[in-house]
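Each chain, written out:
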Amino acid sequence: MTTAKPARTVFACSECGYESPKWLGRCPDCASWNSFAERATGRGSGAAARAPGPTVAPVELAHLPADDEPRLPLGLSEFDRVLGGGVVPASLVLIGGDPGIGKSTLLLQVAALAAGGRSPVLYVSGEESARQLKMRAQRLGLSGDGLFVQAETSLDAVFAQAEALGPSLVVVDSIQTVHSDAAAQAPGSLVQLRQCTMELMRWAKGSGIPVFIVGHVTKEGDIAGPRLLEHIVDVVLYLEGERFSSYRLLRGVKNRFGSIDEVGVFEMTGEGLRGVDNPSEAFISERAAGAVGSVVVPALEGSRPLLVEVQALANPTATPAPRRTANGLDYNRLILVAAVLSRRLGLPLAGQDIIASVVGGLRVHEPGADLALALAIVSSHRDKPVPPDLVALGEVGLSGELRSVAQLERRLAEAERLGFKRCLLPEASLRRGVSRTGLELLPAPGLREAVRAGLG
Ligand code: TYD
Ligand code: MG
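From a predicted model like this one, the values you see are computed outputs, not experimental measurements.

Each value, and the rule that gives it
- Residue numbers restart at each chain and count upward from 1, following the sequence in its written direction.
- Following the order in which they are written, the chains are lettered starting with A and the ligands numbered starting with 1.
- In keeping with the predicted nature of the model, local features appear solely for residues at pLDDT of at least 70, side-chain atom pairs appear and are counted solely at 80 or more, and the whole-chain, interface and lining totals rest on all residues.
- Hydrogens and waters are ignored; side-chain quantities use all the structure's heavy atoms.
- Going along the chain from the N terminus, every DSSP run of H or I of four or more residues is numbered as a helix, and every run of E of two or more is numbered as a strand.
- Buried means the residue's accessible area, taken with a 1.4 Å probe over protein chains only, is under 20% of the maximum for its type, while exposed means over 50%, and partly exposed covers the values in between.
- Note on areas: these come from Shrake-Rupley sampling with a 1.4 Å probe, and a residue is covered only by the protein chains present in the view.
- Charged-residue counts in this description rest on Lys and Arg as positive and Asp and Glu as negative, His and the chain ends being excluded.
- In plain terms, the charge of a residue is placed at NZ if it is Lys, CZ if Arg, CG if Asp and CD if Glu.
- Any two residues whose heavy atoms approach within 4.5 Å at even a single point are treated as in contact.
- Helix axes use the C-alpha atoms of the stretch in contact, all axes being lines fitted to C-alpha atoms, and the angles between their N-to-C directions lie in the range 0 to 180 degrees.
- Oblique is the label for any angle not under 35 degrees, not over 145, and not in the 65 to 115 range, which are roughly parallel, roughly antiparallel and roughly perpendicular in turn.
- In a left-handed crossing the near helix is turned counterclockwise from the far helix by less than a right angle, and in a right-handed crossing that turn is clockwise.
- Following the grouping adopted for this structure description, the nonpolar residues are Ala, Val, Leu, Ile, Met, Phe, Trp, Tyr, Cys and Pro, the charged ones are Asp, Glu, Lys and Arg, and the polar ones are all others, Gly among them.
- When DSSP locates at least two bridges between a pair of strands, those strands are taken to pair.
- Only heavy atoms are used to decide nearness, and a residue is near a molecule or strand if one of them lies within 4 Å of it.
- Polar contact criterion, stated in full: a pair of N or O atoms within 3.5 Å, where within protein one must be able to donate a hydrogen and the other to accept it, and residues adjacent in sequence count only if both atoms are side-chain atoms.
- Only buried residues count toward a nonpolar core, which is a set of Ala, Val, Leu, Ile, Met, Phe, Trp, Tyr and Cys residues joined through side-chain atoms within 4.5 Å.

Engineer: What exactly am I supposed to notice about the overall build of the protein here?
Structural biologist: What the protein contains, in helices and strands, is 12 helices and 21 strands. Across its three principal axes, the protein shows a C-alpha extent of roughly 95 × 55 × 50 Å. The burial tally for the protein puts 48% of its 456 residues in the buried class. For the protein, the computed accessible surface area is about 22,100 Å², with 52% contributed by carbon and sulfur atoms. Taking the 47 positively charged and 49 negatively charged side chains of the protein as two groups, their mean positions are separated by 5 Å.

Pasting the structure below:
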């Protein structure tokens, strides 16, 4: 005779779903207080739980067809570029970014373009009403043919509508506003975020329809929010930019079907986001010839060379400790470059505030921008401009040496294309040889020589 085992229970955190056999006052995972509640495990025990499900036989790699994933171009070329040429059927794509950066605008445009002339597209919004979406679409000059909007927050209702409509693409704006009946927590809680994302993933795989989800990143929630979802979804893109600058960068952070080296460059206009065909030209377009403290660097965004203007202002400090401010640049690189300038070149920066920034709301975090930053600081300090036809490239080491950077040729070609004539660069970069370039190359072993060559 068998006796029924008593139902097993665990204590689970209502915020993040962390489970413990005992009640806990504070969750060790997400640090919430008094969030533990008892619940049945729901898992079967014994043999039933371990019974094998249907299995998939292994296949020999050599006998798999070698074709690429089929892709559906969406028609917005900067967006398609970041995806790797278009969206892969059945994929789940997360588009993250700060609130107000333009995620909804971008996806409404993408949805309308994908809907034009083809099978319908479903745009689910838990943030805006259908009327608000209509107004936005009008403002963006989108006709809305084939674009179906649904102001809905229940994921089950979304799936039901999507199955009835048979769309070629589903957009869920945003993952923080939808909820699944399978979890009791409030929309936006970690359990709901994870549950909804996993259900959308399963749905996309089952239906073959690609799904885009929008995820807000907030200052407090950036780790707990979309970052938590990155390992579930197939593709993660982030839309970035400074709030008060019109440029936006769409950057690939993860892509199971392609490289993450591509960036898309957009400009926010009165009619929505417009792809920028010639970003280098755009980013240096407002540069004043002969400006003090301004140096152009051929930087690399993923695999794409972009010319950006680095500015610096050195100014006698009014406070006991001089301040260093970096906008769009790595603060630690600024500290390093300033320290090398004062220690190795004897530049008296101790009494100077230094403000450094990248023009256009871009962020440049590669060490290859060090030399441009150093020259900009010296230029400002001496009140002397660098020649307007000069670009500078190189990483600064602690002993004042210049270190080479990756993909020199592509950067030089971009600088040449935009009419620059000379490039200051590390001597070390030339050791491996450089293919022919129309730029005059000014190699320097160290920062001291580079400053002399650039500023006399
Ligand atoms: P939105 O797409 O709503 O941001 P998110 O979904 O990431 O929160 O964009 C909001 C901002 O974009 C808002 O401040 C106004 C601006 N905007 C334009 O400048 N032009 C436009 O055509 C649109 C639709 C929005
Ligand atoms: Mg939005």
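From this point, the discussion proceeds with the structure in view.
Engineer: Please explain the environment of Ser 246 as it appears in this structure.
Structural biologist: Positionally, Ser 246 belongs in the loop between strand E9 (235-240) and strand E10 (247-255). Separated by 100 residues in the primary sequence, Ser 246 and Gly 346 place their C-alpha atoms 39 Å from one another. If near-sequence neighbours (up to four positions away) are discounted, Ser 246 is found in contact with Phe 266, Glu 267 and Met 268.

Engineer: In this structure, what is going on with the environment of Thr 153? I would like to understand it.
Structural biologist: With respect to the helices and strands, the residue Thr 153 is situated in the loop between strand E6 (147-151) and helix H5 (155-165). Classification of Thr 153 as partly exposed rests on a relative accessible area of 29%. For the pair formed by Thr 153 and Ser 174, sequence separation is 21 residues and the distance between their alpha carbons is 9.2 Å. The residues contacting Thr 153, other than those within four sequence positions of it, are Gly 126, Thr 177, Val 178 and His 179.

Engineer: Just to check I follow, could you spell out the packing of helix H9 (residues 331-344) against helix H10 (residues 370-382) for this structure?
Structural biologist: If you want to describe how two helices pack, look at the angle between their axes and the distance between the axes. At their nearest, the axes of H9 and H10 sit 10 Å apart, and the two run at 55° to each other. Regarding the angle of H9 to H10, the classification is oblique. Handedness of the H9/H10 crossing: right-handed. Counting all contacts with H9, which are made through Arg 333, Leu 334, Val 337 and Leu 341, the residues of H10 involved are Asp 370, Leu 373, Ala 374, Ile 377 and Val 378. Of the residues assigned to the contact of H9 with H10, the class counts are 7 nonpolar, no polar and 2 charged.

Engineer: Quick question: what am I supposed to make of the sheet that holds strand E3 (residues 36-40) here?
Structural biologist: In any sheet, the strands associate via hydrogen bonds between backbone groups, in a parallel or an antiparallel arrangement. The 3 strands lie next to each other as E2-E1-E3, forming an open sheet whose pairing is antiparallel. Both edges of this open sheet fall to strand E2 (19-20) and E3, since each of them pairs with a single strand only. Looking at chain direction, strand E1 (residues 9-13) and E3 are connected through 5 bridges and run antiparallel. By the bridge assignment for E3, Ala 12 is matched with Ala 37.

Engineer: Looking at this structure, how should I read the pairing of strand E14 (residues 304-316)?
Structural biologist: Consecutive side chains along a regular strand alternate between the two faces of the sheet. With 8 bridges connecting them, strand E13 (residues 294-301) and E14 associate as antiparallel partners. Looking at E14, one finds that Ala 299 is bridged to Leu 306. Hairpin connection from E13 to E14: 2 residues lie between these consecutive antiparallel strands, with Gly 302 at a positive phi of about 65°. Pairing geometry for E14 and strand E16 (residues 352-358), over 7 bridges, is antiparallel.

Engineer: What is the right way to look at the site of ligand 1 in this model?
Structural biologist: Surveying the vicinity of ligand 1 reveals 16 residues, the closest of which are Gly 100, Lys 103, Ser 104, Thr 105 and Gly 272. Between a nitrogen atom of ligand 1 and a main-chain N or O atom of Thr 269, the distance comes to 2.8 Å. Protein contact buries 76% of the 560 Å² of open area that ligand 1 shows by itself. Going through the elements one at a time, helix H3 (103-115), helix H4 (130-139) and strand E11 (263-269) are the ones with two or more residues in the shell around ligand 1. Split into classes, the residues belonging to the shell around ligand 1 amount to 4 nonpolar, 7 polar and 5 charged.

Engineer: Teacher, can you tell me more about the side chain of Arg 248 here?
Structural biologist: Tracing the backbone shows Arg 248 in strand E10. For Arg 248, a relative accessible area of 4% gives the class buried. Side-chain polar atoms of Arg 248 contact the backbone oxygen of Ile 101, separated by 2.7 Å. One polar contact links the side chain of Arg 248 to the main-chain carbonyl oxygen of Ser 245, over a distance of 2.7 Å. Filtering out sequence-adjacent residues up to four positions away, Arg 248 remains in contact with Ile 101, Leu 239, Glu 240, Glu 242, Arg 243, Gly 264, Val 265, Phe 266 and Leu 273.

Engineer: Explanation requested: unusual backbone geometry in the structure shown.
Structural biologist: Residues other than glycine predominantly adopt negative phi, and peptide bonds predominantly adopt the trans conformation. Of note, the amide linkage connecting Asp 173 to Ser 174 takes the cis form, showing an omega dihedral of 5°. Mapped onto the elements, Ser 174 comes out in the loop between strand E7 (169-173) and helix H6 (190-207). Positive phi outside glycine occurs at Asp 383, with the angle close to 60°. Tracing the backbone through its elements, the reader meets Asp 383 in the loop between H10 and strand E17 (390-392). In this structure, Gln 407 is a non-glycine residue whose phi angle is positive, near 55°. A residue is classified by how much of its surface remains accessible, and Gln 407, at 35% relative accessible area, is partly exposed.

Engineer: What am I meant to see in the packing of H3 against H4 here?
Structural biologist: Close contact between H3 and H4 brings their axes to 11 Å; oriented N to C, the two are set at 75°. Classed by the angle they form, the pair H3 and H4 counts as roughly perpendicular. Here Ser 104, Thr 105 and Leu 108 of H3 lie close against H4, whose contacting residues are Leu 133, Arg 136 and Ala 137. Considered class by class, the residues forming the contact of H3 with H4 number 3 nonpolar, 2 polar and 1 charged.

Engineer: Can you help me understand the nonpolar core in this one?
Structural biologist: One broad trend across soluble globular proteins is that nonpolar side chains are buried collectively. Leu 341 and Ile 377 are the most contacted members of the largest nonpolar core, which totals 60 residues. Among the elements that make up this core, the one with the highest residue count is H10 (8 residues). With residues up to four places along the chain from it excluded, the contact list for Ile 377 reads Ala 312, Leu 334, Val 337, Leu 341, Leu 349 and Ile 354.

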